[in-house]
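Residues per chain, in single letters:
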Amino acid sequence: MSSVSALPTGNVHAVLDRAALYLGRYGWTPTGLYDAHDACPAKCACHRTGTYPASVLGAIRAAVFGRPRWYLTGITDAEQRAYSAAVEWFNTYLIAVGHAGLHAPVFDWETLPGRTPADVIEALCAAAIAYRRHTIRRAA
């Protein structure tokens, strides 16, 4: 079974980069957390590996927890903080800076008709870069 390596907590930029990598490798879906392939006869790669096409939030969860995670029960406080920090930063980035022609919260931005996987991956990477710049300025 393939899995995504879990990241140390407190590295929002690394979580967003890893989420972008997850989407590039396993695919993107604009709704829900993951595309579970319910109509599939359960013989596809998604069912064999447990790695499903994901939404932004699903990809961030996979980046934080090392694999897709449908529920947030039984997680540590550090994992909760890492997940929340990455989602909060990405949402704030999309509202304040915007990407691909739209300033909007993550749900509205992601589900806009015409949104592409490339838009989503680029936005995650751009938000990670913005976080790095933000933390470098704060440290200086």
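The paragraphs below set out a description of the structure included in this document. (Residues numbered from 1 in each chain as written. Predicted model: local features only at pLDDT ≥ 70, side-chain atom pairs only at ≥ 80, totals over all residues. Heavy atoms only, no water.)

With 20 residues, helix α4 (residues 77–96) extends 28 Å from end C-alpha to end C-alpha; this agrees with the ideal 28 Å at 1.5 Å per step. By the burial criterion, the buried members of α4 are Ala82, Tyr83, Ala86, Val87, Trp89, Phe90, Tyr93 and Leu94. Considered in projection along α4, the buried side chains sweep an arc of 160° and stay on one side of the axis. Within α4, the exposed residues directed more than 90 degrees away from the buried face are Asp77, Arg81, Glu88 and Ala96. Directly after α4, the chain includes Gly98, whose backbone phi takes a positive value near 80°. (Helix = DSSP H or I, 4+ residues; strand = E, 2+ residues; numbered from the N terminus. Expected span 1.5 Å × (residues − 1). Buried < 20%, exposed > 50% of the residue type's maximum accessible area, 1.4 Å probe, protein only. Arc of directions from axis to C-beta.)

Where helix α1 (residues 12–26) meets helix α3 (residues 56–65), the axes come as close as 8 Å, and the angle between the chain directions of the two elements is 115°. Where α1 crosses over α3, the two elements pack in a sense that is right-handed. From α1, Val15, Leu16, Arg18, Ala19, Tyr22 and Leu23 reach across to α3, where they touch Ala59, Ile60, Ala62, Ala63 and Val64. The residue makeup of the contact of α1 with α3, split by class, is 10 nonpolar, no polar and 1 charged. (Axes fitted to C-alpha atoms, helices over the stretch in contact; angles between N-to-C directions. Left-handed = near helix turned anticlockwise from the far one by under 90°. Contact = heavy atoms within 4.5 Å. Nonpolar A, V, L, I, M, F, W, Y, C, P; charged D, E, K, R; others polar.)

This brings us to the pattern of salt bridges. A full pass over the atoms with the stated rule returns 2 salt bridges. The partner of Asp17 in a salt bridge is Arg132, and the shortest N-O contact between them spans 2.1 Å. With Asp17 in helix α1 and Arg132 in helix α6 (residues 117–139), this pair connects stretches of sequence that are 115 residues apart. A relative accessible area of 21% places Asp17 in the partly exposed class. Residue classification places Arg132 among the partly exposed residues on the basis of a relative accessible area of 30%. Between Arg115 and Asp119 there is a salt bridge, with its nearest N and O atoms 3.3 Å apart. By relative accessible area, Arg115 is classed as buried at 9%. Take Asp119: its relative accessible area is 17%, and that puts it in the buried class. (Salt bridge = Lys/Arg side-chain N within 4 Å of Asp/Glu carboxyl O.)

Turning to unusual backbone geometry, a few remarks are in order. With a phi angle near 50°, Ala100 is a residue other than glycine that sits in the positive phi range. Mapped onto the secondary structure, Ala100 falls in the loop between α4 and α5 (106–110).

Before going further, it helps to spend a moment on the packing of aromatic side chains. Taken as a whole and judged by the stated rule, the model has 6 aromatic pairs. Between Tyr22 and Tyr26, the ring centres sit 4.7 Å apart and the planes meet at 50°, which makes this aromatic pair tilted. Of this pair, Tyr22 and Tyr26 both sit in helix α1, 4 residues apart, which is roughly one turn of the helix. One exposure class covers both Tyr22 and Tyr26, and it is buried. With a centroid separation of 5.1 Å and an interplanar angle of 85°, the aromatic rings of Trp89 and Tyr131 are classed as edge-to-face. On the criterion of sequence distance, the pair formed by Trp89 in helix α4 and Tyr131 in helix α6 is long-range, its members being 42 residues apart. A connected cluster of aromatic rings, assembled from ring pairs, spans Tyr34, Tyr52 and Trp70. It is Arg69 that lies over the ring of Phe65; its NZ or CZ is 5.3 Å from the centre. Between the NZ or CZ atom of Arg115 and the centre of the ring of Trp109, over which it lies, the distance is 4.0 Å. (Phe/Tyr/Trp six-rings, centres within 6.5 Å; stacked < 30°, edge-to-face > 60°. Lys NZ or Arg CZ within 6 Å of the ring centre and 35° of its normal.)

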